Amino acid sequence: MLTQSRLNPQLDAEGKLQHLLSTEGLPLPVITQILDTAESFLEVSDRDVKKVPLLRGKSVFNLFFENSTRTRTTFEIAAKRLSADVINLDVSRSSTAKGETLLDTIDNLCSMHADMFVVRHATSGAPFLIAEHLKRIGRDDIHVVNAGDGRHAHPTQGLLDMYTIRHYKKDFSNLTVAIVGDILHSRVARSDLHALRTLGCGEIRAIAPKTLLPGYLENLGVKVFHDMNEGLKDCDVVIMLRLQNERMNGALLPSAGEYFKRYGLTPEKLALAKPDAIVMHPGPMNRGVEIDSSVADGPQAVILNQVTFGIAVRMAVMGILAGN
Amino acid sequence: MNISIKNGRLIDPKNGIDARQDLFIADGRIAAVGQAPAGFVPEREIDAAGYVVCPGLIDLSARLPSLEAELACAAANGITTVVCPPDTRPVLDEPSLVERLIQRAEALGLARVLPLGALTKGLQGQTLASMAGLASAGCVAFSQASQPVTDLQSLYRAMQYAATYDFAVWLRPQDYQLAKDGVAHDGEMAARLGLAGIPVAAETVAIATLIELAKSTGVRLHLMRLSSAAGVAMVREAKARGVAVSCDVAAHHLHLAEEDIGYFNAQARFDPPLRSVADRAALRFGLAEGVIQAVCSDHTPMEADGKQVPFGEAEVGARGLELLLPLVLAWAREDGLSLGTALARVTSDAAAVIGRSDLGHLAVGAVADVCVFDAETEWTITPDAFTSVGRNSPLAGRTMSGRIQAVVAGGRLL
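Residues numbered from 1 in each chain as written. Chains lettered and ligands numbered in written order. Predicted model: local features only at pLDDT ≥ 70, side-chain atom pairs only at ≥ 80, totals over all residues. Heavy atoms only, no water.

**Comments concerning the packing of helix α3 (residues 102-110) of chain A against helix α4 (residues 126-136) of chain A**
All names here are of chain A. Where we set the bar: An axis is simply a line fitted to the C-alpha atoms; with a helix, the fit covers only the stretch in contact. Between two such axes, the angle follows the N-to-C directions and lies from 0 to 180 degrees. Secondary structure counts use DSSP, requiring at least four H or I residues in a row for a helix and at least two E residues in a row for a strand, with both numbered from the N terminus. Each angle receives one of four descriptions, namely roughly parallel if under 35 degrees, roughly antiparallel if over 145, roughly perpendicular if within 65 to 115, and oblique otherwise. Less than a right angle of anticlockwise turn of the near helix away from the far helix marks a crossing as left-handed, whereas a clockwise turn marks it as right-handed. The criterion used for residue contact is that any of the two residues' heavy atoms lie within 4.5 Å. Gly is put with the polar residues, along with every residue not named as nonpolar or charged; the nonpolar set is Ala, Val, Leu, Ile, Met, Phe, Trp, Tyr, Cys and Pro, and the charged set is Asp, Glu, Lys and Arg.
The geometry of α3 relative to α4 is characterised by a closest axis approach of 11 Å and an angle of 50 degrees between their N-to-C directions. Here α3 lies oblique to α4, going by the angle between them. Crossing of α3 over α4 shows right-handed handedness. The residues of α4 that touch α3, namely those facing Leu102, Leu103, Ile106, Asp107 and Cys110, are Ala126, Leu129, Ile130, His133, Leu134 and Arg136. Its residues placed into classes, the contact of α3 with α4 shows eight nonpolar, one polar and two charged.

**Describing the UniProt feature "binding site: carbamoyl phosphate" (unreviewed entry) in chain A**
Residue and element names in this part refer to chain A. Quick note on the threshold: UniProt positions are given in the numbering used here, feature names are shortened, and annotations may be inferred rather than shown by experiment. Each residue is placed in one exposure class: buried if its accessible area under a 1.4 Å probe, protein chains only, is under 20% of its type's maximum, exposed if it is over 50%, and partly exposed if it falls in between.
Under the UniProt annotation, the feature "binding site: carbamoyl phosphate" (unreviewed entry) is placed at Arg70, Thr71, Arg120, His154, Gln157, Gly283 and Pro284. With respect to the helices and strands, Thr71 occurs in helix α2 (residues 70-81). Residues within four places of Thr71 in sequence aside, it is in contact with Phe64, Arg120, Ala147, His154 and Arg314. Given a relative accessible area of 36%, Pro284 falls into the partly exposed group.

**A short note on the domain arrangement of chain A**
Residue and element names in this part refer to chain A. For the record, the criterion: Residue ranges assigned to each domain were obtained from an automatic or database domain assignment. A quick way to say it: buried area is the sum, across both parts, of accessible area lost when two parts are put together, with a 1.4 Å probe. Throughout this description, the term salt bridge denotes a Lys or Arg side-chain nitrogen within 4 Å of a carboxyl oxygen of Asp or Glu.
Per the domain assignment, the segments of chain A are domain 1 (4-154 + 308-321) and domain 2 (155-303). Placing the centre of domain 1 and that of domain 2 at their C-alpha centroids yields a distance of 26 Å. If you look at the interface, domain 1 gives 35 residues, while domain 2 gives 25 residues. Together, the buried faces of domain 1 and domain 2 total about 2,500 Å²; carbon and sulfur atoms form 65% of this surface. The largest contributions to the domain 1 side of the interface with domain 2 come from Arg151, His154 and Phe309, which together make up 30% of the buried area. Linking domain 1 to domain 2 there are three salt bridges. Notably, a salt bridge pairs Glu39 with Arg166, separated by 3.1 Å at the nearest N-O pair. Within the residue set of the side of domain 1 that touches domain 2, elements represented by two or more residues are α1 (28-42), α2, β3 (116-121), β4 (143-149) and α11 (303-323).

**Considerations on the pattern of salt bridges**
Following the criterion strictly, the structure yields 29 salt bridges over all chains and no others. For Arg139(A), the salt bridge is made with Asp141(A), and the minimal N-O distance between the two is 3.1 Å. For Arg139(A), a relative accessible area of 22% corresponds to the partly exposed category. With relative accessibility at 44%, the residue Asp141(A) sits in the partly exposed group. Note that Arg356(B) is salt-bridged to Asp358(B), the shortest N-O span being 2.9 Å.

**Focus: unusual backbone geometry**
Residues and elements named next belong to chain B. Between Arg89 and the following residue, Pro90, the backbone shows a cis peptide bond with an omega angle of -5 degrees. The omega torsion across Asp271 and Pro272 is 0 degrees, close enough to zero to call that bond cis. Residue placement: Pro272 occurs in the loop between β16 (245-250) and α9 (277-289). Phi angles above zero are rare outside glycine, and Asp181 is one such case at about 70 degrees. Of note, Asp181 is situated in the loop between α5 (176-179) and β13 (184-185). Judged by its relative accessible area of 63%, Asp181 falls in the exposed class.

**Description of the UniProt feature "domain: Amidohydrolase" (unreviewed entry) in chain B**
Mapped onto this numbering, the UniProt entry annotates "domain: Amidohydrolase" (unreviewed entry) at residues 282-383 of chain B. The distance separating the terminal C-alpha atoms of residues 282-383 of chain B is 29 Å; by composition the span is 31% helix and 14% strand.

**Here we look at the sheet that holds β3(A)**
All names here are of chain A. For the record, the criterion: Two strands qualify as a pair provided that DSSP identifies no fewer than 2 bridges between them.
Read from one edge of the open sheet, four strands run β2-β1-β3-β4, paired in parallel fashion. Looking at the sheet topology across the chains shown, the edges are occupied by β2 (85-89) and β4. Each neighbouring strand pair of the sheet contributes to a mean axis angle of 15 degrees, computed without reference to strand direction. By the bridge criterion, five bridges tie β3 to β4 in an arrangement that is parallel. Among the inter-strand pairings, Val119 is bridged to a residue of β4, identified as Asn146. Strands in contact with α3 are β1 (59-64), β2 and β3; relative to β3, the strand with the most contacts, it is inclined by about 160 degrees.

**Concerning the side chain of Glu76(A)**
Note on placement: Glu76(A) falls in helix α2. Ignoring sequence-local partners within four residues, the contact set of Glu76(A) consists of Asn62(A), Val86(A) and Asn88(A).

**Some remarks on the nonpolar core**
We apply this condition: Nonpolar core, defined: a set of buried Ala, Val, Leu, Ile, Met, Phe, Trp, Tyr and Cys residues in which side-chain atoms within 4.5 Å join the residues together.
Grouped together as the largest cluster of nonpolar side chains are 122 residues, with contacts concentrated most on Phe117(A), Leu71(B), Leu221(B), Leu223(B), Val295(B) and Phe373(B). Looking at this core, the element that brings in the most residues is helix α10 (residues 324-334) of chain B, giving seven residues. When residues no more than four places from it in sequence are discounted, the contact partners of Leu221(B) are Met159(B), Val169(B), Leu171(B), Leu210(B), Ile211(B), Ala214(B), Ala244(B), Val245(B) and Ser246(B).

**Let's talk about empty space enclosed by the protein**
Rolled over the atoms, a probe sized like a water molecule indicates the empty space that remains. All names here are of chain B. Applied cut-off: The pocket and cavity definitions rest on a 1 Å grid over protein atoms only: a 1.4 Å probe that fits but cannot leave marks a cavity, an open set with protein on both sides within 12 Å along at least five of seven lines marks a pocket, and residues lining either have an atom within 4 Å of a point. Grid points are joined across faces, edges and corners, and a volume is the space filled by probe spheres set on the points.
Per the counting criterion, the structure on display carries one cavity of 30 Å³ or more. Volume-wise, the largest cavity comes out at about 40 Å³. In terms of lining, the largest cavity is formed by Ser227, His253, Leu256, Ala257, Pro273, Leu274, Arg275, Ser276, Asp279, Arg280 and Leu283. When its residues are assigned to classes, the lining of the largest cavity shows five nonpolar, three polar and three charged.

**Focus: the interface of chain A and chain B**
Put simply, the test is: Distance and chemistry together define a polar contact, namely a pair of N or O atoms within 3.5 Å, with one atom able to donate a hydrogen and the other to accept it when in protein, and with adjacent residues in sequence counting only for side-chain atoms on both sides.
Taken together, the contact pairs 30 residues of chain A with 30 residues of chain B. Of the roughly 2,500 Å² buried between chain A and chain B on both sides combined, carbon and sulfur atoms contribute 55%. Note that Arg192(B) is salt-bridged to Glu24(A), the shortest N-O span being 2.5 Å. Remark: the boundary between chain A and chain B carries six residue pairs in polar contact (both at pLDDT 80 or more). Where the side of chain A that touches chain B is concerned, the elements lending two or more residues are α3, α4 and α6 (187-198) of chain A. Residue contributions to the side of chain A that touches chain B peak at four residues, all from α4(A). Taken together, the residues of the side of chain A that touches chain B break down into twelve nonpolar, twelve polar and six charged.

The structure is reproduced here in structure tokens:
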């Protein structure tokens, strides 16, 4: 009885990537293509001249309706290494503050001959609305990359996490991956879950108190744990999530201290995972809240490598979109 | 005007009629069924061969921002009585406003408007509105529309006061705190899409509270727009215990579920939210068995920009007047119910909720509100063809049946 097409709006009629909006519904060949392409871009960043001409003459607009320095910067670096012109618009402080609607802003930017929008927005689904609008006004030559929408998705982060896991662990099928922390509010967690499923991950676990878990995770193929000691047992990959300051002392959690005791990743807890388990974090970290410094800086942490891989993955996404 | 409607399939649920019979109207009332009264000379004759003839539909909830356009739309779609919630601008909390609304509607001569008065002034949930005055002005019951009464003592007093005069109180069963910030059913879709959820408990907690308050105050309670299986079960149980409670469901909730949000389709944002497929099945079953008495359109027209924003920022609701009859017919067809049972929920049973025994049926002496429609011919919903304000519908492209052929409202052929 569905009224709206269930066709994934990020794929064109031939199943090619037109926008990157979510890892959900992203076919395995597309994910593999992105990860393989990222691998080939990784060496570009090691060159003296860190540039390839793939996006020369193209304009990439960074539309950040929600503040973010780090993600915006990585997109900017990625676009510049592809030789694109990058225009940063801090929309959170300009047009929307003047009362302009989201779609009015988009219409204006279309007139400035954009080729790609990298969008971050505080409301889940905003990049879908933009993609749908572009189609309606006949401007679906412009690609949309979701750089984080509300609690929904952060697909480039999800893909760079997959890149990282593949880099260290090769095959997904025998892996046990645990995601720990505020999954309810995390777009990173959702993007990881869908990508892990598509990549055939052996076992996906979520570890958190009930106040930080959405319902129906089992339906997404996730095993839910409330106890770190059980949940971390024999894991190959531990993905820690950032706990936002505003969630620490309130109705969801009594205190950062109690949270750290139960869910903070310490060397003792990490010892329950496999000896070669890797520790990931999308950043920025709250040391002493979700992760102990000795783990964050320890030999199992691959957190800074994630950042490096992130640029290659974002280059890959933009490169593939521009070619489709 | 004397009107005869001949050769149609007359369905009058209240009086148990589903047969080929003629209908005769005089002086705004039903004059006869079957045989013409002695000396009856029709000024207008409607040949209803191949069509269904039933009482004019009663819609228990429709917002009418542009009164003339929406009432014309209602009438054109077989709805001859519209209950209007009090969240108009200004709020229906003054008798003079109610009188003017009714007069304007009467002057238009389209569908009849039965307003719900505000339970509290400005729907603020604090000071009682002048219920007796509002009732004299024509309000059929009292409501908060979608606004909560946050202070339960105030609600308790309001119910006591209403019960003093045997006024009915119509409330939306949704705990405003549990629903706070929520934009979609707290189910699998919301989990996947990262939308803040409205748990079923927001409905069940409210139903439990309202039923207890209704029991202890003795007020007649009508619950507007159930959304969950658990909610239906609670009402079923309360009725079995003899509590004076009735309830309705919005037509869209019989046909849509959370999955229709698809990829953030803002057209599928409703209050209450579209819940699971199992909830939808329970609503359909509850409606069929009569635990839920009525289907309303919950008509909420809006300009396009109300939906041209991300899902969580979109306005709630859809246009419904055009679709009330088609959606009821589709429910009946899909669930194998008789037309009589289905039509009862938008005619006689709805009339019983508002306490009007002269409406919603076709016995001699009843108000002559009649709807003649073609139940067979199929058509496709195209919001661009909607004639009034707003094109908001999540059902664009669906195939429906039920085409209005003629409408008689208060004895006038429209």
